[in-house]
Amino acid sequence: MNAGMRSSWIVILLGLFLPISGEAGERRFVSEFFQLPPAMEEFYGNLTVRQISGREGAPGKVVIRGAGDYQPKRGIISPRRSARLVVSAVPGFSSEQIRDVISEALLSDFYKKVISEKVKSWHEKRLELVELIPLTRDEFVERGGRRLRGKSSGVARFDAWWTIRMGLRQTVDPSHHLVLICLKMDYDGTKSSFGHFCFGLRKRGGAADLDTVFDFRAPWYEDRLPTLLEGMNYGNKLQPLYGYTENLYDWIYTQTSYRHCYVQMWFLPVSHEQLTLLRYFDREIEAHDAGHFKGLRKNCASLGMAFLDRLERVSEPISLGRGLADIPTQTVKKLLKESGGNYPFYQIENNTHESGRVATAKSEIHRAQPSRGSSRSFLALRNVEGIN
């Protein structure tokens, strides 16, 4: 029986409900049917299931009473009392059919209350933020149902997403690092303090053509720096704020040899599942259009934090919307503190004038010279202790 047919006879009633007539039914725990992932356990508690007999020929019903709450800035708030579920099964229902009915009801309910775009914060909606993979309710119910039964969904990116967002144990990928990056302007030796935030993926030892930066900016096509009003996007004259990818060494080469900047990098662990999602975005998604750039609360740090939030379990509070402004340097400090460790650090210095160039502010990426694999940044990073 496919999902469309089941949906025609399953009615999900949310919130409080009146007592259901019929046999009292046996009370069981949902764990007798399948194991909920940690995020759903937090939301529903030690959920109990009561099965009652439905009238022959009548539609089946699933009633869910009680659950936690989801608030983006607070994450999942566990219920004071575990949720209860009543399933009305018509004669002849098999245990597998009952399990599938319960699975669809819970997944549909969880999607509506936690995953759906409708429950996102104002800041997330302002950035037009979704998950890192396309995900409809039907996909979540169908593929999530397979995961609840202990199987692969059949889609590697969904399996990775499910593991991360549902709070399952991830597998550390010892061959790669997640690189937090703070780009700063070098004013003839007087280094700027606010900077620009982004992050990257780097393979241990370096992979010249595969190492990637995930950048977040509103492109600027003049050689000169924008004025204060232009930089704050007064009148929305800048290009939209985008999240997109570039080759790491091309990007560093452009910043340090053309744009008079220096690059600070911290190298954090990354899981196999996080790597899978980021590689999918890099290869399959051209760019994320976040709408009009705003200097204080809708900037590079805002969108970068939002992307990194999608690499954490859904039950955790989001970082967006805290403080008066999203400042790149403070964003890096916050992320390092939350990660709870002292990580390898390296800084690539500015050499724009040494290269015989006049600095430009233009958002134009230049291929690393003399090649990616023999560029200054690639060779320098190969000598950094702890990342090769």
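Summary of the structure given here.

Calculation criteria
- Residues numbered from 1 in each chain as written.
- Predicted model: local features only at pLDDT ≥ 70, side-chain atom pairs only at ≥ 80, totals over all residues.
- Heavy atoms only, no water.
- Buried < 20%, exposed > 50% of the residue type's maximum accessible area, 1.4 Å probe, protein only.
- Helix = DSSP H or I, 4+ residues; strand = E, 2+ residues; numbered from the N terminus.
- Polar contact = N/O pair within 3.5 Å; in protein donor to acceptor, adjacent residues only side chain to side chain.
- 1 Å grid on protein atoms, 1.4 Å probe; cavity = no way out; pocket = protein on both sides within 12 Å on 5 of 7 lines; lining within 4 Å.
- Points joined across faces, edges and corners; volume = space filled by probe spheres on them.
- Nonpolar A, V, L, I, M, F, W, Y, C, P; charged D, E, K, R; others polar.
- Contact = heavy atoms within 4.5 Å.
- Salt bridge = Lys/Arg side-chain N within 4 Å of Asp/Glu carboxyl O.

For the rest of this paragraph, the subject is helix 10 (residues 300-309). In an α-helix, one turn spans 3.6 residues; hence positions three or four apart end up facing the same way. Along helix 10, 10 of the 10 residues are buried, which leaves the element largely enclosed by surrounding structure. Along helix 10, the residues classified as buried are C300, A301, S302, L303, G304, M305, A306, F307, L308 and D309. Between the side-chain oxygen at the start of helix 10 and the backbone nitrogen of A301 there is a gap of 3.0 Å, and the oxygen is on N299.

As a volume, the largest pocket reaches approximately 1000 Å³. Forming the walls of the largest pocket are 34 residues, and the residues nearest its centre are G195, H196, P226, G231 and F293. Taken together, the elements giving at least two residues each to the lining of the largest pocket come down to strand 8 (176-187), strand 11 (212-217) and helix 7 (228-231). Of all the elements, strand 8 adds the most residues to the lining of the largest pocket, at four residues. The residue makeup of the lining of the largest pocket, split by class, is 20 nonpolar, nine polar and five charged.

Considering the arrangement of structural elements, one finds P38 in helix 2 (residues 38-44). The exposure class of P38 is partly exposed, given its relative accessible area of 23%. Separated by 131 residues in sequence, P38 and R169 have C-alpha atoms that sit 9.6 Å apart. Residues within four places of P38 in sequence aside, it is in contact with M166, G167, L168 and R313.

This model, assessed by the stated rule, comprises 20 salt bridges. Where R149 meets D100, a salt bridge forms, and the shortest distance between an N and an O atom there is 3.6 Å. Of the two residues, R149 is situated in the loop between helix 5 (137-148) and helix 6 (156-165) and D100 in helix 3 (residues 95-115); the sequence distance between them amounts to 49 residues. Residue class for R149 comes out partly exposed when judged on its relative accessible area of 32%. A salt bridge links D309 to R310; the nearest nitrogen and oxygen atoms lie 2.8 Å apart. What makes R310 buried here is its relative accessible area of 1%.

Relative to the assigned elements, S257 resides in helix 8 (residues 248-257). The exposure class of S257 is buried, given its relative accessible area of 3%. Each C-alpha atom, one on S257 and one on Q369, is 9.9 Å from the other, the two residues being 112 residues apart in sequence.

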